[in-house]
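Structural features, examined
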Amino acid sequence: MNKPIHQPMTSQEIEREWQRQEKAEQRERMQSGEHDDAAIDQYRLIHRLLKQSDIPALPADFAHHVARQQLDVEQQAQFENLTLRVIIAILMVGGLLYVAPALIDGLQKMSAAVTLPWPMLWATTLALAFAGILDQISKRYRIMHR
Amino acid sequence: MKDDRSLVQAVLERAPGAFERLVVQHQNLVWHMVYRMVQQRDDAEELSQEVFLRVHQKLHQFRHDSALSTWIGSIAFSIATRHLQRKRISLVDECDDEEGSQLERIGDDFDLENAHADREFQSHVAEAMNKLSPIQRTLVTLYHLDEMSLLDIARVTELPEGTVKNYLFRARLKLRQALERKVGEPA
């Protein structure tokens with residue numbers, strides 16, 4: 001039987017070999033009965049053998065399993081998001097409670113100076129601005145992890 | 001393409017069962033690619049799951065400028081490639097890229113009809129497939145098993161079409177050389 005001839009192929013030979021490979025592919029797809037070239041026949045056999053794949057089959061419930069896994073991931077992300085919001089809210093309230101006395105005292109002094117009618121107005125404005133900033137951070141976090 | 005659109009829309013609108021349908025439609029392509037690249041069943045199964053979770057996560061970014069299967073294939077390819085990189089497994093053999101030097105002529109005497117009867121050829125070619133580089137195994141599988149065009153394979157792998165052609169050519173030639181060696185063995 002033939003053995004590989006240990007010489008590099010020329011570019012014309014490479015092109016001719018490619019044409020044989022492609023012709024074999026076409027003949028297999030068309031289920032042609034032509035046999036005029038042994039090399040083409042070999043490529044046809046390779047094509048057939050590759051079609052009878054040795055790749056093991058996926059588990060039958062793969063798609064169902066993946067879909068369920070995706071739901072779990074989504075629910076977990078929702079839970080994490082909710083948890084993050086709760087933590088932010090707790091931190092905000094705790095922070096406000098902690099700084100409130102000093103803040104009110106400072107605002108009272110300031111209001112005395114600028115004669116604002118209601119010193120809590122400043123505190124409310126600051127708290128709202130703080131909440132807005134935290135909300136933006138939370139949204140960006142969600143977009144990054146989507 | 002029209003079917004792709006309606007399926008993508010259904011998944012994005014969270015229609016019941018739509019994502020599972022998408023997985024069913026594309027699981028073979030993903031599985032063939034990933035398995036051929038990593039060659040380990042457990043890893044391949046885990047990575048295939050990861051591919052579909054990524055598909056779901058990024059589906060809103062799909063612009064329909066290619067077939068959905070091509071887009072999903074490219075995600076599968078990049079995830080499997082990253083896995084191989086983490087394991088320090090090279091995607092290509094050094095000789096895959098050498099111009100002409102490794103290509104040897106093969107004799108042309110072969111009897112197709114007789115060869116058909118021999119089931120041993122199957123395991124011989126499978127063995128030869130395992131010796132190919134991950135990229136060659138994948139390209140051969142996409143072209144022959146999944147019947148993808150060279151252009152689609154180029155899109156999936158983000159390789160130039162000429163490079164895909166070159167890898168595919170060399171892979172098939174190596175398989176033919178392996179087959180030739182089998183034919184040359186005494187019965």
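Here we take up the overall build of chain A. The helix and strand tally for chain A stands at 4 helices and 1 strand. Start at the N end of chain A and walk to the C end: the helices and strands fall as β-α-α-α-α. Taken over 146 residues, chain A has a buried fraction of 29%. Pairs at least 24 apart in sequence give 28% of the contacts found in chain A among residues at least 6 apart. Accessible area of chain A: about 9,900 Å², with a carbon and sulfur share of 64%.

What follows concerns the environment of S69(B). Residue and element names in this part refer to chain B. Mapped onto the fold, S69 is located in helix α4 (residues 68–86). By relative accessible area, which is 24% here, S69 ends up partly exposed. Contacts of S69, omitting those with residues within four sequence positions, involve H26 and L29.

Okay, helix α2 (residues 18–38) of chain B next. All names here are of chain B. Under the 1.5 Å per step criterion, the end-to-end length of α2 is 29 Å for 21 residues, consistent within 8% with the ideal 30 Å. H26 marks where α2 bends most, by close to 55 degrees. Buried residues dominate α2, accounting for 16 of its 21 residues.

Summarising the element assignment, R27(A) is placed in helix α1 (residues 11–30). With residues up to four places along the chain from it excluded, the contact list for R27(A) reads S32(A), E34(A), D36(A), I40(A) and R44(A).

Right, let's get into a nonpolar patch on the surface. The grouping of L82(A), V86(A) and I90(A) at the surface amounts to a nonpolar patch, some 290 Å² of accessible area in total. Following the sequence through the fold, V86(A) ends up in helix α3 (residues 62–114).

All names here are of chain B. At a minimum axis separation of 9 Å, α2 and α4 run at an interaxial angle of 35 degrees. Helix-helix and strand crossings are classified by hand; for α2 and α4 the assignment is right-handed. Taking contact as the criterion, the partners of L22, H26, L29, V30, M33, V34, M37 and V38 in α2 are, on α4, L68, S69, I72, G73, A76, F77, A80, T81, H83 and L84. Per-class residue counts for the contact of α2 with α4 are 13 nonpolar, 5 polar and no charged.

Our next topic: α4(B). Residue and element names in this part refer to chain B. The first and last C-alpha atoms of α4 sit 27 Å apart over 19 residues, in line with the 27 Å expected at 1.5 Å per residue. Burial analysis of α4 places 14 of its 19 residues in the buried class, which makes it a mostly covered element. Trailing α4 by a residue or two, R88 shows a phi angle of about 55 degrees, which is positive.

Core analysis: the largest hydrophobic core is formed by 72 residues, its most contacted members being L22(B), V34(B), V51(B), F52(B), L59(B), I72(B) and L175(B). In terms of residues, this core owes the most to one element, α2(B), which gives 12 residues. Among residues more than four places away in sequence, those in contact with L175(B) are I46(A), L50(A), V125(B), A128(B), M129(B), L132(B) and V140(B).

Moving on to the confidence of the model for chain A. Confidence in the prediction for chain A averages 83 pLDDT; 86% of positions are at 70 or higher. Ranking the helices and strands of chain A by mean pLDDT puts α1(A) first, with 89, and strand β1 (residues 5–8) of chain A last, with 63.

Let us look at the pattern of salt bridges. On inspection of all chains with the given rule, the structure shows 16 salt bridges over all chains. Of the charged contacts, one joins E28(A) and R48(A) as a salt bridge, the two residues approaching to 2.7 Å between their closest N and O atoms. Highlighted residues: E28(A) in helix α1 and R48(A) in helix α2 (residues 38–51), separated in sequence by 20 residues. R48(A) sits in the partly exposed class, given a relative accessible area of 23%. Taken together, the shared-partner salt bridges connect E17(A), R20(A), D37(A) and R176(B) into one network.

The subject of this paragraph is the packing of aromatic side chains. Inspection of the entire model under this criterion finds 4 aromatic pairs over all chains. Ring geometry for F62(B) and W71(B): centres 5.1 Å apart, planes at 40 degrees, overall tilted. As far as the burial class goes, F62(B) and W71(B) line up, both buried. The aromatic ring of Y143(B) is capped on one face by R29(A), whose charged end is 5.7 Å from the ring centroid.

Now for the packing of helix α3 (residues 41–58) of chain B against α4(B). All names here are of chain B. At their nearest, the axes of α3 and α4 sit 9 Å apart, and the two run at 130 degrees to each other. When the interaxial angle is binned, α3 and α4 end up oblique. Pair α3 / α4 crosses with right-handed handedness. Of the residues in α4, those touching α3 at D43, L47, E50, V51, F52, R54, V55 and K58 are W71, I72, I75, A76, I79, R82 and H83. Per-class residue counts for the contact of α3 with α4 are 9 nonpolar, 1 polar and 5 charged.

Cut-off values and rules
Throughout this description, residue numbers start from 1 for each chain and increase along the sequence as written. Following the order in which they are written, the chains are lettered starting with A and the ligands numbered starting with 1. Predicted model: local features are reported for residues with pLDDT of at least 70 only, side-chain atom pairs are reported and counted for 80 or more only, and whole-chain, interface and lining totals are derived from all residues. Only hydrogens and water are set aside; all other atoms, that is, all heavy atoms of the structure, feed into the side-chain values. Going along the chain from the N terminus, every DSSP run of H or I of four or more residues is numbered as a helix, and every run of E of two or more is numbered as a strand. The buried label goes to any residue with under 20% of its type's maximum accessible area, the exposed label to any with over 50%, and the partly exposed label to all in between, with areas taken from a 1.4 Å probe on protein chains only. Here, residues are in contact when the closest pair of their heavy atoms is within 4.5 Å. Residue-level accessible areas treat just the shown protein chains as cover; the underlying method is Shrake-Rupley with a 1.4 Å probe. Multiplying 1.5 Å by the residue count of a helix minus one yields the expected span of that helix. Think of it this way: the bend at a residue is just the angle between two axes, each fitted to seven residues, one set ending at that residue and the other starting at it. Here, patches come from residues exposed beyond 30% relative accessible area and free of salt bridges, joined within 9 Å for like charges and within 5 Å for nonpolar side chains (Val, Leu, Ile, Met, Phe, Trp, Tyr). Here, a salt bridge means any side-chain nitrogen of Lys or Arg that lies within 4 Å of a carboxyl oxygen of Asp or Glu. Axis definition: a line fit to C-alpha positions, over the contact stretch in the case of helices; interaxial angles, taken between N-to-C directions, run 0 to 180 degrees. Each helix crossing is assigned a hand: it is left-handed if the near helix lies turned anticlockwise from the far helix by less than a right angle, otherwise right-handed if that turn is clockwise. In this count, Pro and Cys sit with the nonpolar residues alongside Ala, Val, Leu, Ile, Met, Phe, Trp and Tyr, while Asp, Glu, Lys and Arg are called charged and the others, Gly among them, polar. Take the buried residues of types Ala, Val, Leu, Ile, Met, Phe, Trp, Tyr and Cys, join any two whose side-chain atoms come within 4.5 Å, and each joined set is a nonpolar core. Confidence of the predictor in every single residue is expressed as pLDDT, which spans 0 to 100. Ring geometry is summarised as follows: Phe, Tyr and Trp rings, the Trp one being its six-membered ring, pair when their centres sit within 6.5 Å, and such pairs are stacked at plane angles under 30 degrees, edge-to-face over 60 and tilted between the two. Lysine NZ or arginine CZ positioned within 6 Å of the ring centre and within 35 degrees of the ring normal marks a charge as sitting over the ring. For classification purposes, an angle smaller than 35 degrees is called roughly parallel, one larger than 145 roughly antiparallel, one from 65 to 115 roughly perpendicular, and anything else oblique.

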